[in-house]
Amino acid sequence: METILKVENLNVKLGNELIIYNLSFEVKRGEVLTVLGPNGAGKTVLLKTLLGVFPFEGKIEWKKGVKIGYVPQRVPFVKDFPISIEEFFKLKTKNENEIKEALELVGFDKDFLKKNLGEVSSGQYQRILVAWALIGNPDVLLFDEPTTGIDIAGEETIYQLLERLKKEKKLTIILVTHDLSVVFKFSDYVICLNKCPICQGGAKEVINPEILSKLYGQEIKFYEHHHNH
Amino acid sequence: MSTIIITNFFPVLISAVFVGGVAGYLGSLMLSKKMTIVVDPLSHLALPGVALALIFGKDVSLGAFLFLFFGAILIWVLEQKTKLPIETIIAILFSISLAITFLFLSEHEIEEALVGDISKIGKIGSLITILISLFVLFLVRKIYPKLTLISISEDLAKAEKIDLKKYQFLYLLSISAIVALGVKFVGGLLVAGLTALPAASAKNLSKSLKVFKILSPFFGVLAALIGIFLFRITNFPAGPLMIISGFLIFLISIIFKKG
């Protein structure tokens, strides 16, 4: 399978703080890559760096002509902004059919367009952002912390939605999460990140209790510290 | 003085309507905290510009524009380069502006600098005001969708490969121009109200961008009209009356605010 993204020796420094240190990986077309790590581990920074928002050292090589859709973790002002869902989409495209199609893909009909963006539930809001990212037919979807547990019973979860989109649209997905079940159920490849990469590979092969406590916990650090003396 | 005002009443009224309307339109883009934080102190920088123009007998709008334009660049640079909180930069710029104003001006000039003096606006001044307002209106119309997206989320805008700096610069330039025109009507101290009040009122009554985009300039026009007519009746300074009119519209908008 063709390589869609190649990252080599990536270092990201914001101000004087080194946020990501010495990260290398590859993503092939149609793969799902999850980035797992605690808060402040540099996950969001990694996504934004891949998007070209932050300066970096090292190499980020997207396949030529690749189109990227981005679903941010939250959009802070939207909740009290006087804007309808239709108007929000029209900031990105004038093509009404494309808007309708994108909304249908995430499970909304066209009546939904008239609603105010501030009126929707957080689950619906996340779907809207996914639909927004799908405008323009991206090859890759970058998704920052899909939230779980807010979907109403009977509806498909955000992960079932992504699974379906991946099949129907042949999407490559890079998503950031701290939810382990997502990593096991959904991803082909996982990067455990806490500033520097702690593990990389298939979820079942690389994730074990020791790696997790190294990624999240303090205990192992004390142990190592003790051991070194 | 009163005869000058009466002969120029209609040109002044019309130019006030244009400035009020375009200021309201620009204000509708100021909803995000970051934009407000930059634009509000910027308008205070109009004061030293007006002061210097009065000292040298130049047009106050010209003085204000030069100070605003370089002030905009200064705030822009300070915001990007220093690690100072933006509030600190605001406090510094605001106090130095006031200090310069009070140091060099006579009492009457201070009043003009602070609350404006529409008797100084002649026919040609009105025409220039209208032309610049129209230019800003068309410029802002062109960049409105992208600026809206930037206001909603800089991340989404960056993901769309929108050149944030370019659009923010054009916005600051537009604000500088309108604020510089506004100081003639309402002075350097009240001018922030020209952009902030109509937008706040319109936001209370809007659920969609379409309505918001119409209501905000409409309230700007309305406040200018009411203010200038009140001035004609009462002979109180026009500037404070325009701002008070804007505030009354805001109060009414709260009553009708949509849940």
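Refer to the structure printed above.
Structure report, in brief.

### A few points about the overall build of chain B
Summing up its helical and strand segments, chain B has 13 helices and zero strands in all. Seen in sequence order, chain B has helices and strands lined up from the N terminus as α-α-α-α-α-α-α-α-α-α-α-α-α. Whereas a compact globule of 259 residues would reach a radius of gyration of roughly 18 Å, chain B reaches 18 Å, a difference of no more than 12%. The principal-axis extents of the C-alpha atoms in chain B amount to approximately 55 × 40 × 30 Å. Looking at chain B as a whole, 51% of its 259 residues are labelled buried. Sequence-distant contacts, at least 24 apart, represent 75% of the contacts inside chain B between residues at least 6 apart.

### A few points about the interface of chain A and chain B
Contact with chain A, which involves 16 residues of that partner, is made by 20 residues of chain B. For the side of chain A that touches chain B, the per-class residue count stands at eleven nonpolar, two polar and three charged.

### Some points on unusual backbone geometry
Its identity is not glycine, yet Lys 170 of chain A carries a phi of approximately 50 degrees, on the positive side. Along the chain, Lys 170 of chain A falls in the loop between helix H5 (158-169) and strand E7 (172-177). Classification of Lys 170 of chain A as exposed rests on a count of 10 C-beta atoms within 10 Å. The phi dihedral of Lys 161 of chain B falls on the positive side, at around 65 degrees, and the residue is not glycine.

### Notes on the packing of helix H2 (residues 9-27) of chain B against helix H10 (residues 164-190) of chain B
The geometry of a pair of packed helices is captured by two quantities: the angle between their axes and the separation between those axes. All names here are of chain B. Their axes nearest at 10 Å, the elements H2 and H10 cross at an angle of 140 degrees. Here H10 runs oblique to H2, going by the angle between their axes. Regarding H2 and H10, the two cross each other, and that crossing is left-handed. Across the interface between the two elements, Ala 16, Val 19, Val 22, Ala 23 and Leu 26 of H2 pack against Ser 174, Ile 175, Ile 178, Leu 181, Gly 182 and Phe 185 of H10. When grouped by side-chain class, the residues that make up the contact of H2 with H10 number nine nonpolar, two polar and no charged.

Cut-off values and rules
- Residues numbered from 1 in each chain as written.
- Chains lettered and ligands numbered in written order.
- Predicted model: local features only at pLDDT ≥ 70, side-chain atom pairs only at ≥ 80, totals over all residues.
- Helix = DSSP H or I, 4+ residues; strand = E, 2+ residues; numbered from the N terminus.
- Rg over C-alpha atoms; globule rule 2.2 N^0.38 Å.
- Buried ≥ 20, exposed ≤ 12 C-beta atoms within 10 Å, placed from the backbone.
- Contact = placed C-beta atoms within 7 Å.
- Nonpolar A, V, L, I, M, F, W, Y, C, P; charged D, E, K, R; others polar.
- Axes fitted to C-alpha atoms, helices over the stretch in contact; angles between N-to-C directions.
- Parallel < 35°, antiparallel > 145°, perpendicular 65-115°, else oblique.
- Left-handed = near helix turned anticlockwise from the far one by under 90°.

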